[in-house]
Amino acid sequence: MKRDRKKRYVLTAAAVMVTLIHIIPLVTIVLNSFRSNQDINLSMLGFPKGLDLHNYLVAWEKGGYASAYANSLLIGAGTAFAELFVIGFAVYGIQKTNCYFKKFFSTYFVAGLAIPSFAILVPLFSFYNSAGLLNTRVGMVIIYVATNMSFNYMFLSAFFEGMSREMDEAARIDGATEMQNFIYNVMPVAKPIFTSIILITFVNTWNEFLFSNTFLQEKTMRTVSLRFYNFVGSTSVEYGYVYAAAIISILPVVVIYMFTQDKFIEGMTVGSVKG
């Protein structure tokens, strides 16, 4: 009994420490985003004198975040739903039907995790330049769908493997096509994990830097991560502006997660249990 209590105290203390390690930097960024550069130079840790939005206004205007938000939202949303469409049908076809070469296709998707992103930059850039896909949102969506596919395949296939095959057989006996079975039987059951895939893909796309920095060279096409990188490089000594730009850059992701965290956790839990 005492041993269990001591173990619980140790785990609680460890959880508190990990939480503080993650929260303190974020709280520091939020507080400093409302402070002047002079106050920050005097003391990196401190409370603002008031909720002055001057830093945010300057960061938003000079950073060009209006167009960056539009680009990131369009690319992120397009990638998330295209990824769900492609990987959903791919996993269904491989796991839920009499697919030939099932093991080959599974290995093919998983093998993508072993290929580093920088290894495909040069040939992909050459192809995109020839195809006219540089500085286009469609081009970025294609890249992001491909680069997120391996993880999402493993994530979704673990869930599909644990689903009852009796439901599929009953639907086929009733004359349902594979498309009807997917839409009316599989999708309602897999809704939580589909939601998790959309969120994971959107966040990965929003935060991605390597491909966007390589394939989006026009200022009007830059995403939030590129705008933040360029803004920090041009105003590195104005810490208040930098902190405000950081909050602007991460705010949409934080807000989306706050409103969808229950569904996200449910999808992650369902996926792990089914797998």
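As shown above, the structure is provided for reference.
Notes on the structure follow. The residue count restarts for each chain, going from 1 along the sequence in the order it is written. Local features are withheld for residues below a pLDDT of 70 in this predicted model, meaning they are given only at 70 or higher, and side-chain atom pairs are given and counted only at 80 or more; totals for whole chains, interfaces and linings count all residues. Values reported for side chains reflect all heavy atoms of the structure, with hydrogen atoms and water molecules removed beforehand.

1. Quick look at the overall build of the chain
Working step 1: Secondary structure elements follow DSSP: runs of H or I no shorter than four residues count as helices, runs of E no shorter than two count as strands, and numbering proceeds from the N terminus. Looking only at helices and strands, the chain features 13 helices and zero strands.
Working step 2: Listed N to C, the secondary structure of the chain is α-α-α-α-α-α-α-α-α-α-α-α-α in terms of helices and strands.
Working step 3: When the backbone C-alpha atoms are referred to their principal axes, the chain occupies close to 75 × 70 × 30 Å.
Working step 4: Burial classes follow relative accessibility: with a 1.4 Å probe on protein chains only, a residue under 20% of its type's maximum area counts as buried, one over 50% as exposed, and anything between as partly exposed. Taking all 275 residues of the chain together, the buried fraction comes to 38%.
Working step 5: The criterion used for residue contact is that any of the two residues' heavy atoms lie within 4.5 Å. Long-range pairs, those at least 24 residues apart, make up 73% of the contacts in the chain between residues at least 6 apart in sequence.
Working step 6: Exposure was quantified through the Shrake-Rupley algorithm and a 1.4 Å probe, taking into account, for residues, occlusion by the shown protein chains and nothing else. Element-wise, carbon and sulfur atoms account for 68% of the exposed surface of the chain, whose accessible area totals about 16,300 Å².

2. Comments concerning the packing of helix 4 (residues 65–95) against helix 12 (residues 224–234)
Working step 1: Inter-axis angles, ranging from 0 to 180 degrees, are taken between N-to-C directions of lines fitted to C-alpha atoms, where helices are fitted over the stretch in contact. With their axes 8 Å apart at the nearest point, helix 4 and helix 12 run at an angle of 150 degrees to one another. Of the possible angle classes, the one that applies to helix 4 and helix 12 is roughly antiparallel. Facing helix 4, whose interface residues are Tyr65, Ser67, Ala68, Tyr69 and Ser72, helix 12 presents Val224, Arg227 and Phe228.
Working step 2: Residue composition of the contact of helix 4 with helix 12, grouped by class: five nonpolar, two polar and one charged. In what follows, roughly perpendicular refers to angles from 65 to 115 degrees, roughly parallel to angles under 35, roughly antiparallel to angles over 145, and oblique to any angle outside these ranges. As a working rule, the residues Ala, Val, Leu, Ile, Met, Phe, Trp, Tyr, Cys and Pro are called nonpolar, Asp, Glu, Lys and Arg charged, and the rest polar, with Gly in that last group.

3. Points about the side chain of Asn135
Working step 1: Secondary-structure assignment places Asn135 in the loop between helix 6 (121–131) and helix 7 (137–161).
Working step 2: Among the polar contacts listed, one links the side chain of Asn135 to the backbone nitrogen of Gln217, at a separation of 2.5 Å.
Working step 3: Leave out the neighbours within four places in its chain, and Asn135 touches Phe215, Leu216, Gln217, Glu218 and Met221. Identification of polar contacts relies on pairs of N or O atoms within 3.5 Å, with a donor-acceptor requirement for protein atoms, meaning one able to donate a hydrogen and the other able to accept it, and with residues adjacent in sequence counted only if both atoms are side-chain atoms.

4. A look at the pattern of salt bridges
Working step 1: One side-chain nitrogen of Lys or Arg within 4 Å of one carboxyl oxygen of Asp or Glu is enough to make a salt bridge. Counting across every chain of the model gives two salt bridges.
Working step 2: In this structure, the salt-bridge partner of Glu178 is Arg172, at a minimum N-O distance of 2.8 Å.
Working step 3: Given a relative accessible area of 33%, Glu178 falls into the partly exposed group.
Working step 4: Look at Arg172 and you get partly exposed, because its relative accessible area is 30%.

5. As for the packing of aromatic side chains
Working step 1: In this scheme Phe, Tyr and Trp rings, the latter by its six-membered ring, pair at centre separations within 6.5 Å, and the angle between planes marks the pair as stacked below 30 degrees, edge-to-face above 60, and tilted otherwise. Applying the stated criterion to the full structure yields 21 aromatic pairs.
Working step 2: Ring plane angle 75 degrees and centroid distance 5.4 Å describe the contact between Tyr92 and Phe182, whose orientation is recorded as edge-to-face. Separated by 90 residues along the polypeptide, Tyr92 in helix 4 and Phe182 in helix 9 (residues 178–189) bring together distant segments of the chain.
Working step 3: Feature note: the residues Trp60, Tyr65, Tyr69, Phe202 and Trp206 constitute an aromatic cluster, connected by ring pairs.

6. A look at helix 9
Working step 1: Take the residue count of a helix, subtract one, and multiply by 1.5 Å to get its expected span. Compared with an ideal rise of 1.5 Å per residue, which puts twelve residues at 16 Å, helix 9 spans 16 Å between its outermost C-alpha atoms and is within 8% of the ideal.
Working step 2: Along helix 9, the positions that sit buried rather than exposed are Asn181, Phe182 and Val186. One side of helix 9 carries all its buried residues, which in axial view fall inside an arc of 95 degrees.
Working step 3: On its buried face, helix 9 is in contact with helix 4, helix 7, helix 8 (165–173) and helix 10 (191–207). Working definition: the arc comes from the directions between the helix axis and the C-beta atoms, pointing outward to the latter.

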